[in-house]
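Secondary and tertiary structure notes
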Amino acid sequence: MNTARTATLLTVFFAFLCVLQVSLIAQTLDKTRSQLSSRSTGAINSLTQIDRNLDQLMDSLVEHRLSLANNRQSDTTGNYQTDFEVFWASVTVFNLRTPGGTERMPAATAVLEEAMQFLENNDELVNSKDLLSEADSESLYAETKLLSEKFHNVGHDYFLSLSVFSDELKNRTKKLYRTFLIFSLLVVACGSASLYSLFEANRKSIELIEQSKTTQARLTQVVDELRSGKLENKAKDSFLAAASHDLRQPLHALGLFLGALEKHIQPTGHAIMEKAQQSSSALNRLLSSLLDLSRLDAGAVKVSKRSVDIGKLIGTLEHEFQSTARLRDMTLKFDTSEQLVFTDRILIDRVLRNLIENALTHSRGKVLQVICTVDDKMLVVSVEDDGIGVPSSQQEDIFSEYFQIGNPERDRSKGLGIGLSIVKRLCDLLEIDLKFSSKSQSGTRFCLSIPRSTRPPRHSEVTVSNSSNEGKSQSVLIAVIEDEKGVREGMEVMLDSYGYRTVIADSADHLLRQLKGFRTPPDILMSDYRLRKGNTGDQAIESVKKSLNLDIPSVIITGDTSPNRVKELTDGGYRLLHKPVEPDDLLRVIHKLTEATPQTIA
Amino acid sequence: MRLKPGIAVATYLTMLLACLNWQSVHSGELSKPSGKVLLTITGNIENTNAPASVELDIEMLEQLENTSFVTRTPWTEGPTKFTGVRINHLLEFVGAKSSHFRANAIDKYWNDLTDMDFDKIPAIVAYKINDKYMRVRDLGPLWLIFPFDDFPETDNEKHKTASVWQLIEITVH
């Protein structure tokens, strides 16, 4: 703002200077012009001409007198008449051409008047038919000579005044030149200064515009977040993440104990055991779905698209959900014909799984269909039921978190109501167009438009066999760092029951001390994330690796589901397991790690 | 039959005149002036009526096609009408081989007129000012003058110094 004002002031000052200088120059120029026009070269030329013409007249008069004296006629006898006329003409012209000049020089006016008098007086005498007598010509000569001297004097005065004027003109030109020079310098200085401040002002305004744009964008973002309730959800998420950590710890231990207990249970207790395990799994699922949401929010889910045979995938799902469907009295009609699409196999599986689960749990219908339709470059997969549908007043809300229809009593065996919001987020992530249509009491339909693919899928998906290799597991040494006694013992019992050798410790130092009793280093390092004295699992693992000078595949088990922590650890290259870990998941990870790394550590 | 000597002489003179006339047509001989010679044209010309020159009196000038215009000049008061013969007509009349010439005045003033387009600018040798013949004291009897008002490109010192008054002789280069 300051520079803008400076620019304006400078410009005004600059304009004022321009006007001042131009008017000064114009004044001087005008004065010079008028002086020059009144002292033209024409005037001095006329004077010279008059002078010469008078001389000519005098010569002719002398010649005339001579010819009279010699008493002979010659060609030049009447010349004085012509010369008299020529003199007359030059006097007339001088009179006309020096109107201003005569005013300044009274002498010139006087002599001109005198000359006119002379011409008029002698007109008759000179132009008479008879030639001049000797006496007349002599007196005329004398008069002419007197006039000639006077004109000569006027010419001299005129010359002197001209020389004075010439000096004045030179001085003025010099002054004009100097003024012009200073003026030019001022113009350049002022011009560049105002130009600079203009640029400066422009730059500042551009900066301001950018700042305001940024502010606006930030405001829009905040307003959007407020409007969509994202801020609220963020708070909710972090609360849930923190709360679930405390739930996970005992749940984790419970799962491990149940897994270990299974082998020792009497056949009569199997039914109860199964119920206990089911409850434990249900609890796990609930917490896992919460975790999934956290992971999605943290952007920790990586998409890797490739050619997928969705028919085969649907076939697997049909097989898996068959028993659940039977329990709910529903018939599955799944279209399992081969269809290639370009998407992420694991995530699309998750999407379909959630949609199918959702229909089985909530629709209360009789038939659940999964139909594939080809639409140009897209494959439309629709999941359709004939259940209670969604009232139109609630259709907008079905993708919101923690929303459930017909579950006002919050029956948690039906989930938390975040399945569809996960579907929505996954579809956004996969760039799949998700359409939803429903009519109350006549069913619901979800349509997914997935880009088709022409390339055949790679058959590299390894299915992990659940049957553990006893011989192999025997040689695998697993080191576990866990500070909580219950969990530590649960892990030891569980891993032992599957035939792994274990080293259990409550800290990195403790583990290193224990490892001295073994001839081989551990094949897998496992650690809880939160250890005693504020230590963390990744620190513990790093220090063990450093002490052994080996890169050992590591797993971190954490109850902390906060998106930031998940992302941080995933980025750090650790395999992450979330509490409570189901024994099956733990075994699968161990299998994967021992297969991936050849047994070079011997 | 006897021939009367008067008739014989008349016939002879007629034949001689006819002969001369024929000769003048074919050798560029122009008729001679009868009055006072006002203008003499010499130099690089084809036609003559005197030794190596053309002499013109007022009668001959007036017989040529005349042109007139009104203009203001530094040497006259107010708009003035000039009547005379266009320079290009005059040069054509004398069979000038160039349009560059020197104009001489009675008062010994002279000016070389070169690089002037007389086909475009109707400069004239004026013999009348405001429909009256000029005396020498009126800057006459002939005045080479330009139409300063009608052709502003002539309103400068170059054309003003070329406006020769008291014109008496033209020498074609």
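Structure's up top.
Bear in mind that the values here come from a model prediction, so they are computed numbers and not experimental data. (Residues numbered from 1 in each chain as written. Chains lettered and ligands numbered in written order. Predicted model: local features only at pLDDT ≥ 70, side-chain atom pairs only at ≥ 80, totals over all residues. Heavy atoms only, no water.)

Before going further, it helps to examine the packing of aromatic side chains. Centre distance and the angle of the planes are the two values used to describe a pair of aromatic rings. Scanning the model with the defined rule gives 13 aromatic pairs over all chains in all. Measuring from centroid to centroid gives 6.3 Å for F146 of chain B and F148 of chain B, while their planes differ by 45°, and the two rings are tilted. Each member of the pair, F146 of chain B as well as F148 of chain B, carries the same accessibility label: buried. Put simply, the rings of F69, W75, F82, W143, F146, F148 and W165 of chain B touch in pairs and so form one group of aromatic residues. Between the NZ or CZ atom of R65 of chain A and the centre of the ring of Y141 of chain A, over which it lies, the distance is 5.9 Å. The residue whose ring lies beneath R137 of chain B is W88 of chain A, and the NZ or CZ to ring-centre distance is 3.5 Å. (Phe/Tyr/Trp six-rings, centres within 6.5 Å; stacked < 30°, edge-to-face > 60°. Buried < 20%, exposed > 50% of the residue type's maximum accessible area, 1.4 Å probe, protein only. Lys NZ or Arg CZ within 6 Å of the ring centre and 35° of its normal.)

All names here are of chain B. Inspection of the secondary structure assignment puts D57 in the loop between strand 2 (53-56) and helix 2 (58-63). No salt bridge is formed by the buried D57. Its closest oppositely charged neighbour is K36, at 12 Å. In this structure, D57 is in contact with P33, S34, G35, K36 and L38, ignoring residues within four places of it in sequence. (Helix = DSSP H or I, 4+ residues; strand = E, 2+ residues; numbered from the N terminus. Lys, Arg positive; Asp, Glu negative; His and termini not counted. Salt bridge = Lys/Arg side-chain N within 4 Å of Asp/Glu carboxyl O. Contact = heavy atoms within 4.5 Å.)

Our next topic: the nonpolar core. One finds I41, L90, F101 and F146 of chain B to be the most contacted residues of the largest nonpolar core, which totals 47 residues. Top contributing element to this core by residue count: strand 7 (residues 124-129) of chain B, with five residues. Among residues more than four places away in sequence, those in contact with I41 of chain B are A52, S53, V54, L56, L90, V94, I170 and V172 of chain B. With 43 residues, the next largest nonpolar core counts I310, I314, I398 and F399 of chain A among its residues. (Core = buried A, V, L, I, M, F, W, Y, C linked by side-chain atoms within 4.5 Å.)

Residue and element names in this part refer to chain B. Sheet architecture is open: five strands sit in the order 2-1-10-5-6, paired in mixed fashion. Bordering the open sheet on either side are strand 2 and strand 6 (110-113), each of which pairs with just one other strand. On average, each strand axis in the sheet is inclined to that of its neighbour by 15°, with strand direction left out of account. (Pairing = 2+ DSSP bridges. Axes fitted to C-alpha atoms, helices over the stretch in contact; angles between N-to-C directions.)

This part takes up the interface of chain A and chain B. Listed as interface residues are 15 residues of chain A and, on the opposing side, 14 residues of chain B. Put simply, chain A and chain B have two salt bridges between them. Between E85 of chain A and R137 of chain B there is a salt bridge, and its shortest N-O distance comes to 2.8 Å. Among the elements that make up the side of chain A that touches chain B, the one with the highest residue count is helix 3 (residues 79-97) of chain A (nine residues). Of the residues in the side of chain A that touches chain B, the class split is five nonpolar, six polar and four charged. (Nonpolar A, V, L, I, M, F, W, Y, C, P; charged D, E, K, R; others polar.)

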